[in-house]
Amino acid sequence: MADPINGAIARQIYEKVALLKANDERARKVLKAGQLVMPYYSYRGQELIPAAVSTCLREDDYICTIYRGIHDMLAKGMPLKQLWAEIAGRATGICKGKGGPMHLTYPDKGIMVTTGIVGSSLPIANGLGWASQLSGDGRVAVAYFGDGASNIGAFHESLNLASVWKLPVVFVCQNNLYAEHTTYEKGTSAKQVSDRAFGYSMPGVRCDGNDAGSIHAAAREAIERARSGEGPTLIEAMTFRFHGHVYGDADSYMDPALKEAAMTDDPAPRLRAQVIASDAASEAEMAALEARIESEIDEAVAFALASAPPGPEELEIDIFAEEVMA
Amino acid sequence: MADPINGAIARQIYEKVALLKANDERARKVLKAGQLVMPYYSYRGQELIPAAVSTCLREDDYICTIYRGIHDMLAKGMPLKQLWAEIAGRATGICKGKGGPMHLTYPDKGIMVTTGIVGSSLPIANGLGWASQLSGDGRVAVAYFGDGASNIGAFHESLNLASVWKLPVVFVCQNNLYAEHTTYEKGTSAKQVSDRAFGYSMPGVRCDGNDAGSIHAAAREAIERARSGEGPTLIEAMTFRFHGHVYGDADSYMDPALKEAAMTDDPAPRLRAQVIASDAASEAEMAALEARIESEIDEAVAFALASAPPGPEELEIDIFAEEVMA
Amino acid sequence: MTHLVQTAAPVATAAKPIHILKALNQAITDAMEADDTVIVLGEDVADPEEGGVVGVTRGLSTKFGDARVRSTPISEQAIMGAAIGASLVGYKPVAEIMLMNFVTVAMDMIVNHAAKLRFMSGGQTSVPIVIRTSTGVGLGTGGQHADYLEGWFAHTAGIKVVCPSTPADAYGLMRAAIDDPDPVLFIENMPSYWQKGPPPERGYYVPLGKAATRVEGTHVTVVSYSRMANECLAAASKAAERGVSAEVIDLRTVSPWDREAVLASVAKTGRLLVVHEAVRKFGVGAEIAAEVNEAMFGKLKAPIRRMGSAYCPVPFAKELENIYAPNASAIADAIVELGKE
Amino acid sequence: MTHLVQTAAPVATAAKPIHILKALNQAITDAMEADDTVIVLGEDVADPEEGGVVGVTRGLSTKFGDARVRSTPISEQAIMGAAIGASLVGYKPVAEIMLMNFVTVAMDMIVNHAAKLRFMSGGQTSVPIVIRTSTGVGLGTGGQHADYLEGWFAHTAGIKVVCPSTPADAYGLMRAAIDDPDPVLFIENMPSYWQKGPPPERGYYVPLGKAATRVEGTHVTVVSYSRMANECLAAASKAAERGVSAEVIDLRTVSPWDREAVLASVAKTGRLLVVHEAVRKFGVGAEIAAEVNEAMFGKLKAPIRRMGSAYCPVPFAKELENIYAPNASAIADAIVELGKE
Ligand SMILES: Cc1ncc(C[n+]2csc(CCOP(=O)(O)OP(=O)(O)O)c2C)c(N)n1
Ligand SMILES: Cc1ncc(C[n+]2csc(CCOP(=O)(O)OP(=O)(O)O)c2C)c(N)n1
Ligand SMILES: [Mg+2]
Ligand SMILES: [Mg+2]
């Protein structure tokens, strides 16, 4: 399955993966310690997908993502401090603490919408794609979503419109085999999500979401296709979420053997080893990178925890551009 | 494309077609004369589809249909008098005049829902199918809808659920090439609607909706499949609406040559000739049938026009089983 | 309000009356001419599809091209999503949901996203879209094509709700709605498209949130909007003949509504009747009544009355449809009765 | 009302308190045992999927089988359609929409179909479904997971809206809702699932449309429902300490609401405060205030007050979430202030 990528690209991807993985680990640690309380949807295990996709994106390309999307955002350039301050509900957060972990936005890096509603990242990504078509600026929009989301109406309407309008959109389904507690098979009639592309006359590509080369190849092609005006692609990246649906999840619905196997085959250290083996980075460089990431996260967490919450006046701000009465 | 059917079946189908066609012609005549005013969605040209499908259905099977669905209902056994009284808005109408031409219901013959909302016949048909599964009564539910409806979210969710639950439902898309004023290609990314079945792991069958044998074969197989517990089928029946979207439609968006060709190749007289050629009925028998239909319609129209409207108290009845205050 | 570039005199004297449909078409045309970022989408809105089922958007795609004016599949969620997405990065989409009952399939996009993204992003993004839709009883379309659902959106923080009742307002409110930096639900009345009235001047803006006093009166204040505002005007004439003088206020914008204008009028008359075509129960009228009751406690001469449609789906039969919603004669009766209380 | 088979004494004395979640689970279990046509569907509702995200339906699929209790794909329109279809031919589906904000993707099925089919069919068909959903602020879920939208449905003819606030009511209202021959939207409060209270007797029914007076009082009538009813009770205690006696009425059913009970109480107190967690503007409180104002014109001792959530999306930050909705201390202040007017 794995497409070969050169060491430099693998390293670039791993640099993101290392950040994403460390950040997730820290988030769970902070939650466990009771330093923060929030609904948290761990993406541990899925890091390679946005890391590889983002490596193919321009800084000004767009993404729309979901509640389980902090990896997508970090890969696209969400700054750590404002991220942590936001999920801590502080005024210094990227959304002044008003959005929280399910609703992060950072237009500076094209992170346009994070939605808590299953399926809703797709229709909005189409609109971003339409804007690119109109302005001719070549920007591509990526919509991230899960396998379960492929069963909701918004998915269908979005793929159809994107195809009919030939929009520069890439639909990236992170298929982690579960939708909350429901297995893929119990909710999804398609043998694979990518099979659905046929009904929209667009390419449907399934790739190994735990293999950087596989994702990178699929993403590169889809993004090029989109950017050159040939229209949308549906990518299905097979992966696994290590920590259940939401932080604190009891997990009884999961096959322990499946989970065990997935965690043993953790794609992040696998990619790390691959990069080192390819001589693109030394063990020491990797360790230094990881140490730097840890200290950046330290700083971000400290910044967040030291920040003040938003004031009560924020309930009356940002409802409309100009506040109105009645 | 045409599957051969025997003369007896062809005749059975034509008997329905003759009724459907005559009824549509009368409806447009009555509207033109100003005897009635209503939004009317002519199905002229599409009669063979429900006629052939209904020939394969049991009396207690269910259908859910749409605003352009009077042919579907008549084929399933909607009584003429109550139909006409309903579309005339009279108290003697099947829904006491409260539903009107877009909302006819007749549970006695399994006509469960008529909806004016594109796509909404499908999710409800699933529920009827679930009921059949639960009670084990072998009833099949048919959802009728148009090609344009295949682009709305409810279509997608319904096909997926029906497949996952193996529901005894047959989805019959009457592809008349237009959704209001929009051509098939401009709205629909699938090369053909039946292609979409693949994404739900169900059979997708395209048939010639202007050929009784072709429809009959597809319907028979799908209905048998459903009844025997093997699950749903998507049928796409290719057809054409002769009179535009709604009565009074200006039609400027239609290719006149396409329309001309379709009307010249009118499937109803074609089937009639076929039946006579097969010796299943004589010209005289056919003429007698048609005369009888005309006089039944005469009676129904007269009945409707002579009936009284519902009284004002009807605004307070049928909101809940027992009327409640506040 | 920077986005209101002009609020000049509404009516060019001696100009030929135009109908609401034409006024809307003109407003969108003028907005597209003035601003390249104004774009249009919806089912059948482009000219190959006849420029909309009744023609509100006719001519736009021919004039401004297929890129900016797009007919869509029957996919209301996708329509709203496309509008929202484009609006996040500088466009001003005017999206059509053909009939108001069809917003029911796009509520997530409108309520969870369009109305909330400014707030949830801490003001980083905004959704300057106009959602045009049409509704109203009178055309025999039955239970699923004529509901007034503005109450749902008035109850939703972050979206404005506009309901014109004259050609000039249709024009001026549309211009203001398109320029507004936030989502606006723009509700047109289907049976009134061909209603004529004095034409607006090109470039005329009606500020959102400002009511219009249609006729002055002394005994009863009547507050309404959309087609019902016109029924109320007719009712006021009838009531005048019966000796009761009604002041008719057309809200024009339902949310935010012009509390000041309503309170000022009720301060004068001491009596209030609120009329809308939406179902009376739990409708917009309740909020207005509750607010005015609270503000004018002890100063009202009579209880505030509300009229709205019956608590049932829109019936098909003409005889029922005719009495389902308030009409001028029923409103006149209510005005007279209230005036005497 | 034939479908209310028993309305016996609510509370078995000295019985162990149970929480709302358990009461709901018991009610559905008992209904399924009593009636084979009761069926359950929704995301994750069956036991292999843990019997619901918080466990309201836990044990049902094991007890009653996979045919009657089904986990669904993430397809709210399909969920509602399946419920409606089955209900048309004799089944009584209890359908779960996991959180209330997700009704936004199923509004067509609920509003255009479930609520209207009885009327549009002239009474030939009916839709005896229960739509269970859950919502409420307090869990830091932000803007898209905690809205109270009952006002939309109260404004929709043909559907009832139920909001329990105690375990006994949760049980009794659920039994009544399942037996009801029409669609019922059953709104659970997410943060209150683990709230304990006296258990209901098995087979106890709370008739729909009937309020409960939670505590009697003389100065101020407080009308509320769902979690806010409990906040109001706490507020009433605080107010009592400050010398103002509040009568707390828990509507239990929001539509149709118990006008009689509310009017009787206000006739006694002359003062009314309506409190709900939904956004205040254009909320359910407006209808109640408007109706009571009209019925009690000239007899009120003070203006009717309404409390509801702020006009903005639910904010994430704890400090904002805490002040977004009314709470006992703010309600107590309002009671005291009103009592002195
Ligand atoms: C419309 C809607 N329905 C239900 C939910 C509740 N919900 C949140 S996440 C989720 C599962 C989504 O699964 P999937 O799309 O596979 O994404 P994953 O969580 O696995 O990344 C569900 C059902 C929701 N947020 N929105
Ligand atoms: C949700 C929704 N959107 C839009 C409409 C308006 N509308 C009514 S019929 C129609 C076209 C439907 O086309 P198709 O499904 O092909 O059926 P046909 O009318 O051709 O039989 C549209 C857009 C509607 N009724 N419901
Ligand atoms: Mg998943
Ligand atoms: Mg069609």
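Residues numbered from 1 in each chain as written. Chains lettered and ligands numbered in written order. Predicted model: local features only at pLDDT ≥ 70, side-chain atom pairs only at ≥ 80, totals over all residues. Heavy atoms only, no water.

A. Molecular detail of the overall build of chain C. Scanning chain C for helices and strands turns up 12 helices and 14 strands. Radius of gyration (C-alpha) of chain C: 20 Å, near the 20 Å computed for a compact globule of 341 residues. Projected onto its principal axes, the C-alpha coordinates of chain C cover approximately 60 × 45 × 45 Å. Here chain C holds 341 residues, and 73% of them are scored as buried. Put simply, of all contacts in chain C between residues at least 6 apart along the chain, 82% involve residues at least 24 apart. Within chain C, one finds 31 positive and 37 negative side-chain charges whose respective centroids are separated by 5 Å. (Helix = DSSP H or I, 4+ residues; strand = E, 2+ residues; numbered from the N terminus. Rg over C-alpha atoms; globule rule 2.2 N^0.38 Å. Buried < 20%, exposed > 50% of the residue type's maximum accessible area, 1.4 Å probe, protein only. Contact = heavy atoms within 4.5 Å. Lys, Arg positive; Asp, Glu negative; His and termini not counted. Charge placed at Lys NZ, Arg CZ, Asp CG, Glu CD.)

B. Fine view of the confidence of the model for chain C. Residues and elements named next belong to chain C. When the pLDDT values of chain C are averaged, the result is 95; 96% of them are 70 or greater. When the criterion is pLDDT under 50, residues 1–9 qualifies, and its contacts beyond four places in sequence or with other chains add up to 21 contacts. This prediction of the complex comes with two scores: 0.97 for pTM and 0.97 for ipTM. (pLDDT = per-residue confidence, 0-100.)

C. Inspection of the interface of chain C and chain D at higher detail. Residue-level contacts link 53 residues of chain C with 53 residues of chain D. When chain C packs against chain D, the two sides together hide about 4700 Å² of surface, and 61% of this comes from carbon and sulfur. Contact with chain D buries surface across chain C, with Trp152(C), His155(C) and Phe282(C) losing the most and accounting together for 19% of the total. Summed over the shared surface of chain C and chain D, the number is 12 salt bridges. Counting every contact that joins chain C to chain D gives 29 residue pairs in polar contact (both at pLDDT 80 or more). With 8 residues, the single largest contributor to the side of chain C that touches chain D is helix α10 (residues 284–295) of chain C. Taken together, the residues of the side of chain C that touches chain D break down into 28 nonpolar, 14 polar and 11 charged. (Buried area = accessible area lost by both parts, 1.4 Å probe. Salt bridge = Lys/Arg side-chain N within 4 Å of Asp/Glu carboxyl O. Polar contact = N/O pair within 3.5 Å; in protein donor to acceptor, adjacent residues only side chain to side chain. Nonpolar A, V, L, I, M, F, W, Y, C, P; charged D, E, K, R; others polar.)

D. How the structure looks around the nonpolar core. In terms of nonpolar packing, the biggest core is built from 268 residues, with Phe171(A), Phe171(B), Phe153(C), Val292(C), Phe153(D) and Val292(D) touching the most fellow members. Contact partners of Phe153(D), with chain neighbours within four places excluded, come to Met100(D), Val103(D), Met107(D), Ile110(D), Val111(D), Ile159(D), Val161(D) and Leu185(D). In this structure, Leu36(A), Ala212(A), Ile223(A) and Met286(A) belong to the second largest nonpolar core, which totals 68 residues. (Core = buried A, V, L, I, M, F, W, Y, C linked by side-chain atoms within 4.5 Å.)

E. Representation of the UniProt feature "domain: Dehydrogenase E1 component" (unreviewed entry) in chain A in the model. The UniProt record marks residues 23–311 of chain A with the feature "domain: Dehydrogenase E1 component" (unreviewed entry), using the residue numbering of this structure. Here residues 23–311 of chain A is 43% helix and 13% strand, with 28 Å between the C-alpha atoms at its ends. (UniProt positions renumbered as here; feature names shortened; annotations may be inferred.)

F. The arrangement of the interface of chain A and chain B in detail. Taken together, the 23 residues of chain A in the interface contact 23 residues of chain B. Counting the surface chain A buries against chain B, the share from its top three residues, His156(A), Ser189(A) and Phe198(A), is 32%. Where chain A touches chain B, the interface holds 0 salt bridges. Between chain A and chain B we count 16 residue pairs in polar contact (both at pLDDT 80 or more) in total. Breaking the side of chain A that touches chain B down by element, the ones donating at least two residues are α6 (153–164) and α7 (184–187) of chain A. Classifying every residue of the side of chain A that touches chain B gives 6 nonpolar, 11 polar and 6 charged.

G. Seen up close, the site of ligand 1. Taken together, 20 residues lie around ligand 1, and Tyr67(A), Arg68(A), Gly116(A), Gly148(A) and Glu76(D) are the ones closest in. Residues near ligand 1 are shared among chains A and D, making this a multi-chain site. Tyr67(A) places a side-chain nitrogen or oxygen 2.8 Å from an oxygen atom of ligand 1. About the coverage of ligand 1: the protein hides 98% of its 580 Å² of free accessible area. (Near = heavy atom within 4 Å. Areas by Shrake-Rupley, 256 points an atom, 1.4 Å probe, with all protein chains shown as cover.)

H. Spatial organisation of the UniProt feature "domain: Transketolase-like pyrimidine-binding" (unreviewed entry) in chain C. Cross-referencing UniProt, the feature "domain: Transketolase-like pyrimidine-binding" (unreviewed entry) maps to residues 18–195 of chain C in the present numbering. The span residues 18–195 of chain C is 35% helical and 17% strand by assignment, and the distance between its end C-alpha atoms comes to 8 Å.

I. Broad picture of the site of ligand 2. Surrounding ligand 2, one finds 20 residues, the nearest of these being Tyr67(B), Arg68(B), Gly116(B), Gly148(B) and Glu76(C). The local environment of ligand 2 is shared, drawing residues from chains B and C. Within the contact set of ligand 2, an oxygen atom lies 2.8 Å away from a side-chain nitrogen or oxygen of Asp147(B). Computed on the free molecule, ligand 2 has an accessible area of 590 Å², of which 97% lies beneath the protein chains in the complex. Across the shell around ligand 2, the residue classes tally to 10 nonpolar, 5 polar and 5 charged.

J. Layout of the relation of the copies chain C and chain D. Overlaying chain C on chain D yields an RMSD of 0.0 Å, the required transformation being a rotation through 180° with an accompanying axial translation of 0.0 Å. The superposition of one copy onto the other is thereby described by a two-fold rotation axis. Mapped onto chain D, 100% of the interface residues of chain C are again interface residues, and the two copies thus contact each other with one and the same surface. (Least-squares fit on C-alpha atoms with pLDDT ≥ 70 in both.)

K. The arrangement of the coordination of the magnesium ion (ligand 4) in detail. Within the protein, the atoms that donate to the magnesium ion (ligand 4) are Asp147(B) (OD), Asn176(B) (OD1) and Tyr178(B) (O), at distances of 2.0 to 2.1 Å. In primary-sequence terms, the residues that donate to the magnesium ion (ligand 4) follow D-x28-N-x1-Y. (Donors = N, O, S within 2.8 Å, 3.2 Å for Na, K, Ca; no water.)

L. The packing of helix α9 (residues 259–269) of chain D against helix α10 (residues 284–295) of chain D, seen in detail. Residues and elements named next belong to chain D. Orientation of α9 relative to α10, taken along the N-to-C sense of each, is 55°, at an axis distance of 11 Å. When the axis of α9 is compared with that of α10, the two are oblique. Relative to α10, the crossing made by α9 is right-handed. Contact with α9, carried on its side by Arg259, Val262, Leu263 and Val266, involves Glu291, Val292 and Ala295 of α10 and no other residues of that element. Looking at the contact of α9 with α10, its residues break down into 5 nonpolar, no polar and 2 charged. (Axes fitted to C-alpha atoms, helices over the stretch in contact; angles between N-to-C directions. Parallel < 35°, antiparallel > 145°, perpendicular 65-115°, else oblique. Left-handed = near helix turned anticlockwise from the far one by under 90°.)

M. Structural detail: the domain arrangement of chain C. Residues and elements named next belong to chain C. Along its sequence, chain C is carved into domain 1 (18–197) and domain 2 (212–339). Domain 1 and domain 2 are separated by 26 Å when their C-alpha centres are compared. Contacts between domain 1 and domain 2 engage 27 residues on the former and 23 residues on the latter. Taken together, the two surfaces of domain 1 and domain 2 that pack against each other cover about 2000 Å², and 52% of this comes from carbon and sulfur. For the pair domain 1 and domain 2, the number of links is 2 salt bridges. The salt bridge partner of Asp169 is Arg214, with a shortest N-O separation of 2.4 Å. Where domain 1 touches domain 2, the interface holds 16 residue pairs in polar contact (both at pLDDT 80 or more). (Domains from an automatic or database assignment.)

N. Quick look at the relation of the copies chain A and chain B. Note on the copies: chain A fits chain B at an RMSD of 0.0 Å, the axial shift is 0.0 Å, and the rotation between them is 180°. Interface overlap between copies: 100% of the residues of chain A at the interface are likewise at the interface in chain B, consistent with a symmetric, same-surface contact.

O. Examining the pattern of salt bridges more closely. Overall, the coordinates contain 96 salt bridges over all chains when judged by the stated rule. With its nearest N and O atoms 2.4 Å apart, the salt bridge here joins Arg44(A) to Glu47(A). Judged by its relative accessible area of 3%, Arg44(A) falls in the buried class. The exposure class assigned to Glu47(A) is buried, which follows from its relative accessible area of 0%. Bridged by salt links that share partners, the residues Arg259(C), Glu287(C), Glu291(C), Glu294(C), Arg280(D), Arg305(D), Arg306(D) and Glu341(D) form one connected network.

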